[in-house]
Number of protein chains: 2
Amino acid sequence: MDKVSLQKVHNLIKPYIHRTPVLTSQLLNAICEAEVFFKCENFQKMGAFKMRGAVHAILSLSEEQKSKGVVTHSSGNFAQALSLAAKGLGVKAYIVMPENAPQVKKDAVKTYEGIIIECDSNIYAREIEADRIQKEKGATFIHPSNDDAVIYGQGTAAIELLEDYNNLDYIYTPVGGGGLLAGTILAANHFSNTCKVIAGEPVEVDDAYRSLISGRIEENETSNTIADGLRTYLGDRNFPIIKAHVEEIIRVEENEIVEAMKLIWERMKIVVEPSSAVAFAAVLKDKERIKNKKVGVIISGGNVDVSNLPF
Amino acid sequence: MDKVSLQKVHNLIKPYIHRTPVLTSQLLNAICEAEVFFKCENFQKMGAFKMRGAVHAILSLSEEQKSKGVVTHSSGNFAQALSLAAKGLGVKAYIVMPENAPQVKKDAVKTYEGIIIECDSNIYAREIEADRIQKEKGATFIHPSNDDAVIYGQGTAAIELLEDYNNLDYIYTPVGGGGLLAGTILAANHFSNTCKVIAGEPVEVDDAYRSLISGRIEENETSNTIADGLRTYLGDRNFPIIKAHVEEIIRVEENEIVEAMKLIWERMKIVVEPSSAVAFAAVLKDKERIKNKKVGVIISGGNVDVSNLPF
C-alpha cells in the first residue's frame, strides 16, 4: 500500500464519513507536559472509527457482491458500523451476534437496519453461523479488523490528523483486533517522515504485547477488561504490519483506564468509551518520552452506557 | 445597547475566550423534526459561558478599579469564571462562598487562583461578606447575572452562533439568574431580523415564568432542582429585557431534564451539565413550534461531577 493508494481510499470514503474534529486541552497539555491532539472519532457516524473501515470494505466489493450483501460477526461497534455503512450504500448487512448480547447493542444494529442472526455465545458458533450465511445468501464476509480494506479504511483517521497537524512526533492508538493500529501505522509511514505509532493495551488482554515478544499471534486466556472493544485478537493481515513498525505497545491497568477516561470526560467534556481511554492512559504512562513533544491520540469511539459507568 | 456596541464587546473579549464549536446531530434532528444547532459553551474556558461575562465585566473597569480587585458571591460557575478571567488579566478576585460549599467547587476556584472568603450558608451572610470586602479592599462587586457588562458578555455566545448560522428561527437558552437569557435576547434582536428567543426553566424554580405573568420579579420558595446553575433569581437589570422580548418561558420537569441530558450525552457524545439540558428539554417539549425550523440551543456548560450522575 503506497501513499497514493491510501489517499485514494480516503477520497473514496469521504462522502460517507464525518471529518471529525481534533480537540486540545490546555489542562491536559499541562498534565502531560506535551502538546496533545485528540482525534475525536467518538464524533464519527455511529460513534466510532469503525465506520471508516466498514464503508471502505463495502465500497471495495464488486456490484455483484454488493447485490448479495455482507456478513460479519460482532457484538460491538463493527456490527453497528457495517449495518450503517451498508444501509447508506443500499446493501444488506447480516450481523451474527451471540443470543446473550446486550439488548442495547441489538437495538443499535436494528436502528441501522442490520439483519441480526443470533448464535450461541462462543467463537466457534459465530464462525459456523457466518459461514452458513455466506453459503446460503452469497454474502461476502467482512472481518471487523483482519481485512485489508478495513485496515486501509481505519488508517484514514490518522491521515486526517496528519493533514491537520503535520509535525506530530507520536500517535497513540488502542490495540484490540489490530485494524486501527495497523491502519494508523500505514498512514503515519506514508504521510509523515517522523511520526511514530505507539499502542495502548489493557494488561488483562495483552495478546498484542505478548505477540510482539514471541513473534507470533498469541491469544488471551481471559477477557476481563472494561475496554470491551479490545477483547479481540490480532490477525494475519494486521499483525505483520504491527510487528514491523509499531514503536512500542504500552500495557495499562484497569484503574489507569478508568482514571484516563474520567480525566477526558471531566476536562475535555466529551464522552469517550473505555477503549479510547486506553490510548490516553498509555500517553499518561509515557510522560518521559513525550515531554515537550507533539502527540496525537486517536479517540476511537464514544459508545458507552452512561447509566453504567465505572466512576 | 446597539449592534455596534455589542460587536465591540465581542471584539474586546475575543482574545480571552474560545470561539466554541457548533455541533449538530442527524439523530437529534430526526427526533426534533427540525435542524438543531448546539452552541457548545461546555467547551468554553473553565467549562461554561460565564467566562464571557466575567471577562467583559473586568475589562470594563478602570485601571484603578482593576488594581483593587473584584469580588462576587457564587458557589457555582461564576466563581470559577471570575477567578480565571481575573487571573488572565492580572486582577485579584475575591470569591465569597458558603462554608459548606462542596470541596470540589472550592478546589476549582483555588486552581484559578481565586481568593476564597467563607461565609455562613444564607443569602444575607454572603451579601454582608461581599460588602465587607468591597469596603476593606476597595474591590468592585460583580454580580453573576444582574450586571450590564456581564449581560453583554453573555450575549456574545449568541452573536457567534448567529454569525455561523444567520437564518435561525429560534434560540433556546436556560434561565436562572437571567444574564444569559437577556444577553441572548439583545444579540438576537440586533444580529437577526427573525430569530426569537425562548427559555427553558425547571418547574421547581419557575420564578422567571411567574415573573413574566405577574410583571414583577418573583422569588422561589424551594431550590429543589438538579439544575444547580439555575437556583438563582432575576434582577432589575436583566428582567426588563426578558419581560420585553422573550418569546416564551417553557417549564420542564426534573425527569425531562435528566432525559434530555442523557440524550445529549449518548447521542452527541458531549458532557453537559443539567442546566444546559434544561434548554434542550424545552426544545423537546416544543416540537410543534419548531417543526422544520432552524433552532439554536445554547449548551451553557459542562461542569458536572461525573461520579454522581442522575442516570
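Residues numbered from 1 in each chain as written. Chains lettered and ligands numbered in written order. Predicted model: local features only at pLDDT ≥ 70, side-chain atom pairs only at ≥ 80, totals over all residues. Heavy atoms only, no water.

Some remarks on the relation of the copies chain A and chain B
Taken as rigid bodies, chain A and chain B are interconverted by a rotation of 180° and an axial shift of 0.0 Å, the fit giving an RMSD of 0.0 Å. Both copies of the chain, as the preceding transformation shows, are related through a two-fold rotation axis. Residue I270 of chain A, judged by its C-alpha, is the member of chain A lying nearest the rotation axis, at 2.1 Å. A shared binding surface is used by both copies, with 100% of the interface residues of chain A retained as interface residues in chain B. (Least-squares fit on C-alpha atoms with pLDDT ≥ 70 in both. Contact = heavy atoms within 4.5 Å.)

Things to note about the nonpolar core
Core analysis: the biggest nonpolar cluster contains 80 residues, and W265 of chain A together with W265 of chain B have the highest contact counts within it. With sequence-adjacent residues up to four places away left out, W265 of chain B is seen in contact with W265, V271 and V306 of chain A together with I270, V271, V272, V304, V306, L309 and F311 of chain B. (Core = buried A, V, L, I, M, F, W, Y, C linked by side-chain atoms within 4.5 Å. Buried < 20%, exposed > 50% of the residue type's maximum accessible area, 1.4 Å probe, protein only.)

Points about the packing of aromatic side chains
For the structure shown, the criterion picks out seven aromatic pairs over all chains. Taken together through their ring pairs, the aromatic side chains of W265 and F311 of chain A together with W265 and F311 of chain B make up a single cluster. Across from the ring centre of F191 of chain B, 5.0 Å away, lies the NZ or CZ of K3 of chain B, which sits over that ring. When the ring centre of Y209 of chain B is taken as reference, the NZ or CZ atom of R251 of chain B above it lies at 4.0 Å. (Phe/Tyr/Trp six-rings, centres within 6.5 Å; stacked < 30°, edge-to-face > 60°. Lys NZ or Arg CZ within 6 Å of the ring centre and 35° of its normal.)

Quick look at the pattern of salt bridges
By the definition in use, this model includes 42 salt bridges over all chains. In this structure, E118 of chain B and K106 of chain B form a salt bridge, with 2.9 Å as the shortest nitrogen-oxygen distance. One end of the pair, E118 of chain B, is in strand β5 (residues 115–119); the other, K106 of chain B, is in helix α6 (residues 103–111), with 12 residues separating them in the sequence. Overall, E118 of chain B belongs to the partly exposed group, its relative accessible area being 43%. Overlapping salt bridges bring together K39, E41, R52 and E160 of chain A as one network. (Salt bridge = Lys/Arg side-chain N within 4 Å of Asp/Glu carboxyl O. Helix = DSSP H or I, 4+ residues; strand = E, 2+ residues; numbered from the N terminus.)

Some words on the UniProt feature "domain: Tryptophan synthase beta chain-like PALP" (unreviewed entry) in chain A
When the UniProt feature table is mapped onto this chain numbering, "domain: Tryptophan synthase beta chain-like PALP" (unreviewed entry) sits at residues 14–301 of chain A. Helix makes up 46% of residues 14–301 of chain A and strand makes up 17%, while its end C-alpha atoms are separated by 18 Å. (UniProt positions renumbered as here; feature names shortened; annotations may be inferred.)

Looking at the interface of chain A and chain B
Listed per partner, the contact involves 20 residues of chain A and 20 residues of chain B. Both faces combined, the contact of chain A with chain B buries some 1,600 Å², and carbon together with sulfur accounts for 62% of it. Viewed at the interface, chain B and chain A are joined by zero salt bridges. In this assembly, chain A and chain B are joined by eight residue pairs in polar contact (both at pLDDT 80 or more). The dominant element in the side of chain A that touches chain B, judged by the number of residues it contributes, is helix α13 (residues 254–268) of chain A, at four residues. Residues that form the side of chain A that touches chain B fall into these classes: nine nonpolar, seven polar and four charged. (Buried area = accessible area lost by both parts, 1.4 Å probe. Polar contact = N/O pair within 3.5 Å; in protein donor to acceptor, adjacent residues only side chain to side chain. Nonpolar A, V, L, I, M, F, W, Y, C, P; charged D, E, K, R; others polar.)

Focus on the sheet that holds strand β8 (residues 196–202) of chain A
Residue and element names in this part refer to chain A. If you walk across this open sheet you meet the six strands as β1-β2-β10-β7-β8-β9, and the pairing is mixed. Each edge of the sheet is formed by a strand with only one pairing partner; in this case those strands are β1 (22–23) and β9 (248–252). Note: β1 against strand β2 (residues 35–40), two bridges, orientation antiparallel. What sits directly across from V22, in β2, is K39. Relative to β9, helix α11 (residues 207–214) is tilted by about 140°, and along the sheet it contacts β8 and β9. α13 contacts β1, β2, β8, β9 and β10 (294–299) of the sheet and is inclined by roughly 90° relative to β9. (Pairing = 2+ DSSP bridges. Axes fitted to C-alpha atoms, helices over the stretch in contact; angles between N-to-C directions.)

Remarks on the sheet that holds strand β5 (residues 115–119) of chain A
Residues and elements named next belong to chain A. Pairing within the open sheet is parallel, and its four strands lie in the order β5-β4-β3-β6. A strand with exactly one partner marks an edge of an open sheet, and here the two such strands are β5 and β6 (140–141). Direction of pairing for strand β3 (residues 70–73) relative to strand β4 (residues 93–98): parallel, over a ladder of four bridges. The residue bridging V70 from the neighbouring strand is A93, located in β4. Contacts between helix α5 (residues 77–88) and the sheet are confined to β3 and β4, with β4 contributing the most and set at about 165° to the helix.

Re helix α14 (residues 274–284) of chain B
Counting buried positions along α14 of chain B gives 10 out of 11 residues, so the element sits mostly inside the fold. For α14 of chain B, every residue scored as buried is listed here: P274, S275, S276, A277, V278, A279, F280, A281, A282 and V283 of chain B.

Concerning the domain arrangement of chain A
Residues and elements named next belong to chain A. What the domain assignment lists for chain A is domain 1 (3–48 + 148–299) and domain 2 (51–141). Just the C-alpha atoms count here: the centres of domain 1 and domain 2 sit 24 Å apart. With 24 residues of domain 1 in contact, the opposing surface of domain 2 contributes 17 residues. Counting the surface lost from both domain 1 and domain 2, the interface buries some 1,500 Å², and carbon and sulfur atoms represent 66% of this. The three residues of domain 1 that bury the most area against domain 2 are Y16, M46 and A149, which together make up 39% of that side's buried surface. One can count three salt bridges joining domain 1 with domain 2. As a salt-bridge pair, D228 and K105 come within 3.4 Å of each other at their nearest N and O atoms. Where domain 1 touches domain 2, the interface holds eight residue pairs in polar contact (both at pLDDT 80 or more). Within the residue set of the side of domain 1 that touches domain 2, elements represented by two or more residues are α1 (3–13), α8 (148–154) and α9 (156–164). Here the element with the most residues in the side of domain 1 that touches domain 2 is α8; it accounts for five residues. Here the side of domain 1 that touches domain 2 is built from residues that sort into 12 nonpolar, six polar and six charged. (Domains from an automatic or database assignment.)

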